Amino acid sequence: MDIRIGQGYDVHRLGEGIAMHLGGVIIETSTCGFIAHSDGDVAIHALCDALMGALALGDIGHHFPDSSDEFAGIDSRILLSRTMELIREKGYRVGNADITIALQAPKIGAYVPQMRQTLAELMGIGSESVSVKATTTEKLGFVGRKEGCEVWAVVLLFKD
């Protein structure tokens, strides 16, 4: 059986007056969002990098460059759907995904079940195969100063 592991990482700065898209959902309790060329969903971006990395397909910037007007303001759920098309074209399916979000504020724990469900649907797997964990950095670094967000993602892919 051909099994592949991929790891992804992404980071975005926070900015006031922007909707916060995270894990495929809008965080209604936030007054700021991510400064980015797309909608800035840092969790989906890290997940896309993990998926592409597992098959040595490059990274999100290679497939969806921030220099392209086509991707300006794009919903990152579309990027994940397109990434999944690449994965399926190569004959693979997702076994599971594990995502860690480091964000000082707002608290996002209440959104985790919806993130898991949304990401699972986009990847074509059950929500029991998607882990989303939220943490802070105990007020350390740029995350702790509420300047940005970091996300790490790991995926396991199986050859069909």
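Notes on the structure in this doc start here. (Residues numbered from 1 in each chain as written. Predicted model: local features only at pLDDT ≥ 70, side-chain atom pairs only at ≥ 80, totals over all residues. Heavy atoms only, no water.)

So, about the overall build of the protein. Within the protein, the secondary structure is distributed over five helices and seven strands. Written out in order from the N terminus, the α and β elements of the protein read β-β-β-β-α-α-α-β-α-β-α-β. Taking all contacts inside the protein whose residues are at least 6 apart in sequence as the whole, residues at least 24 apart take part in 71%. Of the roughly 7700 Å² of accessible surface on the protein, a fraction of 51% belongs to carbon and sulfur atoms. The distance from the centre of the 14 positive side-chain charges to the centre of the 21 negative ones in the protein is 5 Å. (Helix = DSSP H or I, 4+ residues; strand = E, 2+ residues; numbered from the N terminus. Contact = heavy atoms within 4.5 Å. Areas by Shrake-Rupley, 256 points an atom, 1.4 Å probe, with all protein chains shown as cover. Lys, Arg positive; Asp, Glu negative; His and termini not counted. Charge placed at Lys NZ, Arg CZ, Asp CG, Glu CD.)

All right, on to the nonpolar core then. If you look at the biggest cluster of nonpolar residues, it comprises 49 residues, and the most contacted ones within it are L22, L47, L51, L80, I101 and M123. Mapped by element, the contributors of at least two residues to this core are β4 (32-35), α1 (42-54), α3 (76-89), β5 (92-102), α4 (112-123), β6 (130-135) and β7 (148-159). Of all the elements, α1 adds the most residues to this core, at ten residues. Once you skip the residues sitting within four places of it in the chain, L22 turns out to touch I27, F34, D41, V42, A43, I101, L103, I108 and M115. (Core = buried A, V, L, I, M, F, W, Y, C linked by side-chain atoms within 4.5 Å. Buried < 20%, exposed > 50% of the residue type's maximum accessible area, 1.4 Å probe, protein only.)

What follows is about a nonpolar patch on the surface. Taken together, the side chains of Y9, V11 and W152 make up a nonpolar region of the molecular surface, amounting to roughly 250 Å² of accessible area. Inspection of the secondary structure assignment puts Y9 in strand β1 (residues 3-16). (Patch = residues over 30% accessible without salt bridge, like charges linked within 9 Å, V, L, I, M, F, W, Y side chains within 5 Å. Salt bridge = Lys/Arg side-chain N within 4 Å of Asp/Glu carboxyl O.)

Our focus in this paragraph is the state of the cysteines. Covalent bonding between the sulfur atoms of two cysteines is what defines a disulfide. Using the criterion set out here, one finds zero disulfides in the structure. Unpaired in terms of disulfides, C32 finds its nearest cysteine sulfur in C149, a separation of 10 Å. Judged by relative accessible area, C32 falls into the buried class, the value being 11%. We classify C149 as buried; its relative accessible area is 0%. (Disulfide = S-S within 2.5 Å.)

Of the voids in this model, the largest pocket is the one considered here, and its volume is about 220 Å³. Along the walls of the largest pocket sit 14 residues, with H37, S38, H45, F64 and D66 positioned nearest its centre. Only β1 and α2 (60-63) provide two or more residues apiece to the lining of the largest pocket. (1 Å grid on protein atoms, 1.4 Å probe; cavity = no way out; pocket = protein on both sides within 12 Å on 5 of 7 lines; lining within 4 Å. Points joined across faces, edges and corners; volume = space filled by probe spheres on them.)

Along the chain, V155 turns up in strand β7. By relative accessible area, which is 1% here, V155 ends up buried. Sequence spacing of V155 and L47 is 108 residues, and the spatial spacing of their C-alpha atoms is 7.8 Å. If we skip the residues at most four places from it in the chain, V155 touches R4, I5, G6, L47, A50, L51, A54, N96 and A97.

These results come straight from atomic positions and should not be treated as a statement about function.
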